[in-house]
Amino acid sequence: MVNKKKISFDITIYDSFNDLNEEDQSLMNAAVEARHRAYAPYSSFNVGASVLLDNGKVVEGNNQENASYPSGLCAERVAIFYAGANYPGAKIKAIAITAASLNHEVNEPAAPCGNCRQAISEYEFKQGESIKILMMGETGSIIECNSLADLLPLGFNSSFLN
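If you're wondering where the values come from, they're calculated on a predicted model, not measured in any experiment.

The rules behind these values
- Residues numbered from 1 in each chain as written.
- Predicted model: local features only at pLDDT ≥ 70, side-chain atom pairs only at ≥ 80, totals over all residues.
- Heavy atoms only, no water.
- Salt bridge = Lys/Arg side-chain N within 4 Å of Asp/Glu carboxyl O.
- Helix = DSSP H or I, 4+ residues; strand = E, 2+ residues; numbered from the N terminus.
- Buried < 20%, exposed > 50% of the residue type's maximum accessible area, 1.4 Å probe, protein only.
- 1 Å grid on protein atoms, 1.4 Å probe; cavity = no way out; pocket = protein on both sides within 12 Å on 5 of 7 lines; lining within 4 Å.
- Points joined across faces, edges and corners; volume = space filled by probe spheres on them.
- Nonpolar A, V, L, I, M, F, W, Y, C, P; charged D, E, K, R; others polar.
- Phe/Tyr/Trp six-rings, centres within 6.5 Å; stacked < 30°, edge-to-face > 60°.
- Patch = residues over 30% accessible without salt bridge, like charges linked within 9 Å, V, L, I, M, F, W, Y side chains within 5 Å.
- Areas by Shrake-Rupley, 256 points an atom, 1.4 Å probe, with all protein chains shown as cover.

*Asks:* Could you give an account of the pattern of salt bridges, with specific residues and numbers?
*Replies:* All chains considered together, the criterion is met by 3 salt bridges. For the salt bridge of arginine 37 with glutamate 60, the shortest nitrogen-to-oxygen distance reads 2.4 Å. Of this pair, arginine 37 sits in the loop between helix H1 (22-36) and strand S2 (45-53) while glutamate 60 sits in strand S3 (residues 58-62), and the two are 23 residues apart along the sequence. The exposure class assigned to arginine 37 is partly exposed, which follows from its relative accessible area of 48%. Here glutamate 60 falls in the partly exposed class, since its relative accessible area comes to 32%. Note that glutamate 129 is salt-bridged to lysine 91, the shortest N-O span being 2.8 Å. Of this pair, glutamate 129 sits in the loop between helix H3 (114-127) and strand S5 (132-136) while lysine 91 is found in the loop between helix H2 (75-86) and strand S4 (92-101), placing the two residues 38 residues apart along the sequence.

Now the structure itself:
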């Protein structure tokens, strides 16, 4: 017997930054500020991320490149690993991600890479609660997902290791 199943999810698309609520605007502003401090001399693609914790703290991260390419780290993982290291008992409520290029205008929302999706998925599984994800380019619309599981269906987590 063969079964076919469709996996789908809903996203919210905001036409502009001004359409976000005040809390999400503040979180995205923090991501933009982090993006401006990114170290991306090789790709010229600056990414900023900010994480809102349930204790009210906002933690920022940005991409950190290295001449030995695998040694760099994406903005999303910098932010969530910092949050995990410094606020180990806090839950992540939301993460805002924004990207800009020095070579062209990025007017589409930038989604997390596969490695970052897996890392965010780990925190979502660990805390037993969804993490809202806001994604923005340099300009244009903003996409909101209700959970990382939307971006990484059938994800791998520690339950497979038991």
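*Asks:* Tell me about empty space enclosed by the protein, and name the residues and values.
*Replies:* Enumeration according to the criterion identifies 1 cavity of 30 Å³ or more in this entry. There is about 50 Å³ of room inside the largest cavity. Ala83, Gly84, Tyr87, Pro88, Ala90, Ile92, Tyr123, Lys126 and Gln127 together form the lining of the largest cavity. Looking at which element gives the most residues to the lining of the largest cavity, the answer is H3, with 3 residues. For the lining of the largest cavity, the class distribution of residues is 6 nonpolar, 2 polar and 1 charged.

*Asks:* Would you mind going over the packing of aromatic side chains in detail, with residue names and values included?
*Replies:* Applying the stated criterion across every chain, the model contains 2 aromatic pairs. Arranged with centres 5.8 Å apart and planes meeting at 70°, the rings of tyrosine 42 and tyrosine 69 form a pair that is edge-to-face. Here tyrosine 42, found in the loop between H1 and S2, pairs with tyrosine 69, found in the loop between S3 and H2; they are 27 residues apart in sequence, far enough to count as distant. Overall, tyrosine 69 belongs to the exposed group, its relative accessible area being 60%. Where phenylalanine 156 meets phenylalanine 160, the ring centres are 5.3 Å apart and the plane angle is 15°; that geometry is what we call stacked. Taking relative accessible area as the criterion, phenylalanine 156 reaches 44% and is therefore assigned partly exposed.

*Asks:* A description of a nonpolar patch on the surface should follow, citing residues and the corresponding values.
*Replies:* On the surface, a nonpolar cluster with roughly 260 Å² of combined accessible area is contributed by Phe9, Ile11 and Ile13. Structurally, isoleucine 11 is set in strand S1 (residues 11-14).

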